[in-house]
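A look at the structure
If you want the building blocks of each chain, they are given just below.
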Amino acid sequence: MKLLVCGGAGFIGSTFVELRVREHGDEVTVLDKLTYAGRKENLAAVQSEIRFVEGAIEDPAAVAEALGAPPLEAIVNFAAETHVDRSIAEPFAFTVTNGLGTHVLLEAAREHDLRYVQVSTDEVYGSIETGSFTERSPLTPSSPYSATKTGADLLVASYFRTYGLHTSVCRGSNNYGPRQYPEKLIPLMILNALAGDRLPVYGDGKNVRNWLFVEDFGRGIGHVLEQGEPGETYNCGGPDECENLAAVRRILELTGGDESLIEHVADRPGHDRRYSLSCEKLQGLGWRSRTSFADGLGQTVDWYRNNAWWWEPIRSGAYREYYERQYGRALKT
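Quick look at the structure, then. Think of each chain on its own: its residues are numbered from 1, step by step along the sequence as written. Residue-level local features of this predicted model are given only where pLDDT is at least 70; pairs of side-chain atoms are given and counted only at 80 or more, and the full residue set underlies all totals for whole chains, interfaces and linings. Excluding hydrogens and water, the side-chain values take into account all heavy atoms of the structure.

**Topic: the sheet that holds strand β9 (residues 208-213)**
What counts, and what does not: At least two bridges found by DSSP between two strands are what make those strands a pair. Helix and strand assignments come from DSSP, with helices taken as H or I runs of at least 4 residues and strands as E runs of at least 2, each series counted from the N terminus. In what follows, a contact means two residues having at least one pair of non-hydrogen atoms within 4.5 Å. Each axis is a line fitted through C-alpha atoms, taken for helices only over the stretch in contact, and angles between the N-to-C directions span 0 to 180 degrees.
Taking strand neighbours across the sheet as the criterion, the three strands line up as β7-β9-β11 in an open arrangement whose pairing is mixed. Across the chains shown, the open sheet's two edge strands, defined by having one partner strand only, are β7 (175-176) and β11 (240-243). Bridging between β9 and β11 involves four bridges; their strand directions are antiparallel. Its bridge partner being in β11, V208 is matched across the sheet by E243. Against the sheet, helix α7 (residues 214-227) engages β7 and β9, with an angle of about 75 degrees to β9.

Here it is as structure tokens:
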């Protein structure tokens, strides 16, 4: 296929681009504004095989440039502000990118008659004590991040109902894997453990997440792109649920760290207790997760251990200032 992948230099987006180029031979244009979490290094394996445009999805001129050539068939939108903590501190940026940016892309898809896939999150459903969310579950977001993603999902649905645009939404559970920016739980804990830094765990650490290896999510989005019904939403969840504290302890085992490094910190405001997704609808398209949490976590720890070139510039730059503001503790040098 001929695709415009927005946010394709980010963690999940770059994985999707690499999978589509390597496994499907797709012709891909990437549009990314290269914020702190979007890096051209993430596309190094396929950089000679794609077209790259630097720009923001909320900028109609940048979107028009990305759509200019070659003729495209579909837009897949990963571009978003995604970190809950940052959304609590700076919600406006989330409204601009996740809300206005989605609007600009939908208008472009409508103008060019393109298929449109919105990459979303299980956080739009809020928290669930027992059972699993289905695509028909109520949307009850808890943070500015999840609220802006919810708004974007509803806007996408409206373009199908109002204009007949071929739209789909794919909601993923908590992703992890290589090249994830270390503000997120798993890479944060891996890098802190490798450096001998404290591992900050929110509250009692018993929040449950439905962990999904990033390549499994990338292939799930591909199934939605190729086979999804217009106007439909598909959940894409991982094969395993695990408490955050248990995941942190497993990371310490894999890195050789001691549990004394764990430091419980004040809980995040509005912290969802448990996420769980039912994926029967996506499985009906032929998708299955391939990677257990145990196997994927081991692969991820090995990748960070062996790729210091990728993360050392992050831990030595502005991320250090962010970390100190967020956790009140400096990283080791």
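Structure shown, so let's carry the discussion forward.
**Brief notes about the pattern of salt bridges**
Note the cut-off: By convention in these notes, a salt bridge is any Lys or Arg side-chain nitrogen within 4 Å of a carboxyl oxygen on Asp or Glu. Three labels apply to residues, based on accessible area from a 1.4 Å probe with only protein chains included: buried if under 20% of the type maximum, exposed if over 50%, partly exposed otherwise in between.
According to the stated counting rule, one finds 21 salt bridges in the structure shown. A salt bridge links R22 to E49; the shortest N-O distance between them is 2.7 Å. A residue pair is termed long-range when its members are at least 10 positions apart, and R22 in helix α1 (residues 11-24) and E49 in the loop between β2 (27-32) and β3 (51-54) qualify at 27 residues. Look at R22 and you get partly exposed, because its relative accessible area is 46%. Measuring nitrogen to oxygen at the nearest pair gives 2.7 Å for the salt bridge that ties D197 to R315. One end of the pair, D197, is in the loop between α6 (185-195) and β8 (199-202); the other, R315, is in helix α11 (residues 308-315), and 118 residues separate them in sequence. Each member of the pair D197 and R315 is classed as buried. Salt bridges sharing partners connect three or more residues here, namely R20, D26 and E226.

**Some words on the state of the cysteines**
This is how it is decided: Whenever a pair of cysteine sulfur atoms sits within 2.5 Å, that pair is classed as a disulfide.
Considering all chains together, one arrives at zero disulfides under this definition. Not engaged in a disulfide, the cysteine C6 finds its nearest cysteine sulfur in C170; these two sulfurs lie 16 Å apart. Left unpaired, C242 is separated from the closest cysteine sulfur, that of C279, by 17 Å.

**Observations regarding helix α12 (residues 318-327)**
Basically, it comes down to this: Throughout, the arc means that of the directions going from the helix axis to the C-beta atoms.
Within α12, burial applies to Y319, Y322, Y323 and Y327. The buried residues of α12 occupy an angular sector of 105 degrees when the element is viewed end-on, so they sit on one face. Of the exposed residues in α12, those oriented more than 90 degrees away from the buried face are A318, E321 and R325. Those residues of α12 that are buried are in contact with α3 (84-89), α6, β8 and α11. Count one or two residues on from α12 and you reach G328, which has phi positive near 65 degrees.

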